[in-house]
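# Coordinates in review
Listed here are the chains, written in short residue letters.
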Amino acid sequence: MNKFWGILNNIESYICRTLLAVFVCLLFLQVIVRTLFNFSFSWVEELSVYMFVWFVFFGASYAAKMNAHNRVTFQFKFLPPRVIRYIEAFADLFWIFFNVYFIYLAIDFIFNKMNRFQSSQTLGFHLSWVYIVLPIAFTLMTIRILQVNYRKIILNEDMRDPDAIDLDEVRAETGPVEIDMDTITQEQEKN
């Protein structure tokens, strides 16, 4: 049962990895076939575009899980971390409301307003199969936002952006950087 929950907890990561690997391989195949045989598969480009769109939306959900979406946080520099958590959670409420409304609009469009005969040009399947990513990804994103806020507020975890760089840590690891101006001047004179 733990393996099932582990897979479910990382579902966006697995989907993104699979989509990326498949559409890169498809595009590589298309380049090879065009270059060597002067021939192309018409369906490869269309399928790759659809897979890329799915990749982007599931990637956005994965970024929400990692708390890696872009935010303006300069105004929080002088506030205590506990206050920042609650302000960010309050801002995330607006994000959740947007997601829920968008999920409603996407479902309404796919099942009620979309042309019943609208299909992909080369693959021939109904485009609702492409658009279904919208309610799925935004639902996952909403769940991930709630999970991150639960971990930050209830469990008191430090959910830092994985791409954030702490300059003090970098300086501590590398030590002070010394610049020898004489060596730089000599190198410039040689060139």
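For the structure, see preceding data.
These remarks concern the structure in this document. None of these values were measured; they are calculated from a predicted model.

## With respect to unusual backbone geometry
- Even without being glycine, Asn 67 reaches a positive phi, approximately 60°.
- In this structure, Asn 67 sits in the loop between helix 3 (42-65) and helix 4 (81-113).
- Positive phi values are uncommon outside glycine, yet Asn 156 reaches one of about 60°.
- For Asn 156, the location among the structural elements is in the loop between helix 6 (133-154) and helix 7 (167-174).

## Comments concerning the nonpolar core
- One finds Met 51, Phe 58, Val 133, Leu 134, Phe 138, Met 141 and Ile 145 to be the most contacted residues of the largest nonpolar core, which totals 19 residues.
- Residue assignment for this core shows that the elements contributing at least two residues are helix 2 (11-37), helix 3, helix 4 and helix 6.
- Examining the composition of this core, we find that seven residues originate from one element, helix 6, more than from any other.
- Other than its neighbours up to four places away in sequence, Phe 58 contacts Glu 12, Ile 15, Cys 16, Leu 19, Val 133, Ile 136, Ala 137 and Leu 140.

## What to know about the packing of aromatic side chains
- Under the defined criterion, the tally for this structure stands at 15 aromatic pairs.
- Centre to centre, the rings of Phe 109 and Tyr 131 are 5.6 Å apart; their planes meet at 80°, and the pair counts as edge-to-face. Here the residue Phe 109 occupies a position in helix 4, and Tyr 131 occupies one in helix 5 (residues 128-131), the gap between them amounting to 22 residues.
- Residue Tyr 131 is classed as partly exposed on the basis of its relative accessible area, which comes to 29%.
- Here the aromatic cluster, defined as three or more aromatic residues joined through ring pairs, consists of Phe 57, Phe 98, Phe 102 and Phe 138.

## Regarding helix 2
- With 27 residues, helix 2 extends 38 Å from end C-alpha to end C-alpha; this agrees with the ideal 39 Å at 1.5 Å per step.
- For helix 2, the complete set of buried residues consists of Glu 12, Ser 13, Cys 16, Leu 19, Phe 23, Leu 26, Gln 30 and Val 33.
- Buried-residue contacts for helix 2 involve helix 1 (2-9), helix 3 and helix 6.
- Looking one or two residues past helix 2, Asn 38 carries a phi angle of roughly 55°, positive in sign.

What counts and how
Residues numbered from 1 in each chain as written. Predicted model: local features only at pLDDT ≥ 70, side-chain atom pairs only at ≥ 80, totals over all residues. Heavy atoms only, no water. Helix = DSSP H or I, 4+ residues; strand = E, 2+ residues; numbered from the N terminus. Core = buried A, V, L, I, M, F, W, Y, C linked by side-chain atoms within 4.5 Å. Buried < 20%, exposed > 50% of the residue type's maximum accessible area, 1.4 Å probe, protein only. Contact = heavy atoms within 4.5 Å. Phe/Tyr/Trp six-rings, centres within 6.5 Å; stacked < 30°, edge-to-face > 60°. Expected span 1.5 Å × (residues − 1).

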